[in-house]
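The residues making up each chain are set out below.
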Amino acid sequence: QVQLVESGGGLVQAGGSLRLSCAASGRTFSSYHMGWFRQAPGKEREFVAAISWSGSGWYYADSVKGRFTISRDNAKNTLYLQMNSLKPEDTAVYSCAADVRARWLRTRSEDYDYWGQGTQVTVSS
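Quick summary incoming for the structure in this document. (Residues numbered from 1 in each chain as written. Predicted model: local features only at pLDDT ≥ 70, side-chain atom pairs only at ≥ 80, totals over all residues. Heavy atoms only, no water.)

**A short note on the overall build of the chain**
Helix and strand counts for the chain stand at zero helices and 11 strands. Written out in order from the N terminus, the α and β elements of the chain read β-β-β-β-β-β-β-β-β-β-β. What you see for the chain is a C-alpha radius of gyration of 13 Å, in line with the 14 Å of a compact globule of 125 residues. Referenced to the eigenvectors of the C-alpha coordinate spread, the extents of the chain come out at roughly 40 × 25 × 25 Å. Relative to its 125 residues, the chain shows a buried fraction of 46%. Counting only contacts in the chain whose residues sit at least 6 apart along the sequence, the fraction spanning at least 24 positions is 58%. (Helix = DSSP H or I, 4+ residues; strand = E, 2+ residues; numbered from the N terminus. Rg over C-alpha atoms; globule rule 2.2 N^0.38 Å. Buried < 20%, exposed > 50% of the residue type's maximum accessible area, 1.4 Å probe, protein only. Contact = heavy atoms within 4.5 Å.)

Written out as structure tokens, the structure is:
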């Protein structure tokens, strides 16, 4: 079992920055891959970024590449998402997720096993 709790969301102007955190508990954090997803009102959940269990591998959606950075601190059992140059279209509920089964990074939400409750990010124009 894995429990995940996000924090760090809020309201920011376009061009601004936010850092999301995801605190994990339960299963050994350094044993599984992690991902960030987001869901805007009226839209399907979409992949944002994923990071390997060791932190040495990562993958980004094209829409956030060069603006967002995913990282993890296994000593603190915490996942991060640094979001820079935010745009109004980044407005969504952001959720972290754990993939405890895969040996490689995956981008489909149905492949992830555990989810946090989500944190709202609103970017004003």
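**Quick word on the packing of aromatic side chains**
Within this structure, the stated rule accounts for six aromatic pairs. Ring geometry for Phe-37 against Phe-47: centres 5.7 Å apart, planes inclined by 75°, an arrangement best described as edge-to-face. Linking Phe-37 in strand E4 (residues 33-39) with Phe-47 in strand E5 (residues 46-51), this pair joins segments that are 10 residues apart in sequence. Across this residue pair, the class does not change: Phe-37 and Phe-47 are buried. Every member of this aromatic cluster is reached through a ring pair, and the members are Phe-37, Phe-47, Tyr-59, Tyr-112 and Trp-115. Here the basic side chain of Arg-45 rests over the ring of Trp-115, its NZ or CZ set 3.9 Å away from the ring centre. Here Arg-72 stacks its cationic end above the ring of Phe-29, 4.2 Å away from the centre of that ring. (Phe/Tyr/Trp six-rings, centres within 6.5 Å; stacked < 30°, edge-to-face > 60°. Lys NZ or Arg CZ within 6 Å of the ring centre and 35° of its normal.)

**A closer look at the sheet that holds strand E1 (residues 2-7)**
What the four strands build is an open sheet, ordered E1-E3-E8-E7; its pairing is antiparallel. Only two strands of the sheet have a single neighbouring strand rather than two, namely E1 and strand E7 (68-73). Direction aside, the axes of adjacent strands within the sheet are offset by 15° on average. Relative to strand E8 (residues 78-83), strand E3 (residues 18-26) is paired through six bridges, and the arrangement is antiparallel. Across the sheet, Leu-18 pairs through a bridge with Met-83, a residue of E8. (Pairing = 2+ DSSP bridges. Axes fitted to C-alpha atoms, helices over the stretch in contact; angles between N-to-C directions.)

**Here's the deal with unusual backbone geometry**
Even without being glycine, Asn-77 reaches a positive phi, approximately 55°. Tracing the chain through its elements places Asn-77 in the loop between E7 and E8. Within the chain, Ser-85 stands out as a residue other than glycine whose phi angle is a positive 50°. By the element assignment, Ser-85 lies in the loop between E8 and strand E9 (92-99). A relative accessible area of 42% places Ser-85 in the partly exposed class.

**Considering the nonpolar core**
Met-34, Trp-36, Leu-79, Leu-81, Met-83 and Tyr-94 are the most contacted members of the largest nonpolar core, which totals 36 residues. Listed by contribution, the elements that provide at least two residues to this core are E1, E3, E4, E5, E7, E8, E9 and strand E11 (119-124). (Core = buried A, V, L, I, M, F, W, Y, C linked by side-chain atoms within 4.5 Å.)

**Section: the pattern of salt bridges**
What the rule picks out here adds up to nine salt bridges. Close ionic contact of Arg-106 with Asp-111 constitutes a salt bridge, the shortest N to O distance being 3.9 Å. You'll find Arg-106 and Asp-111 in the same group, each marked buried. (Salt bridge = Lys/Arg side-chain N within 4 Å of Asp/Glu carboxyl O.)

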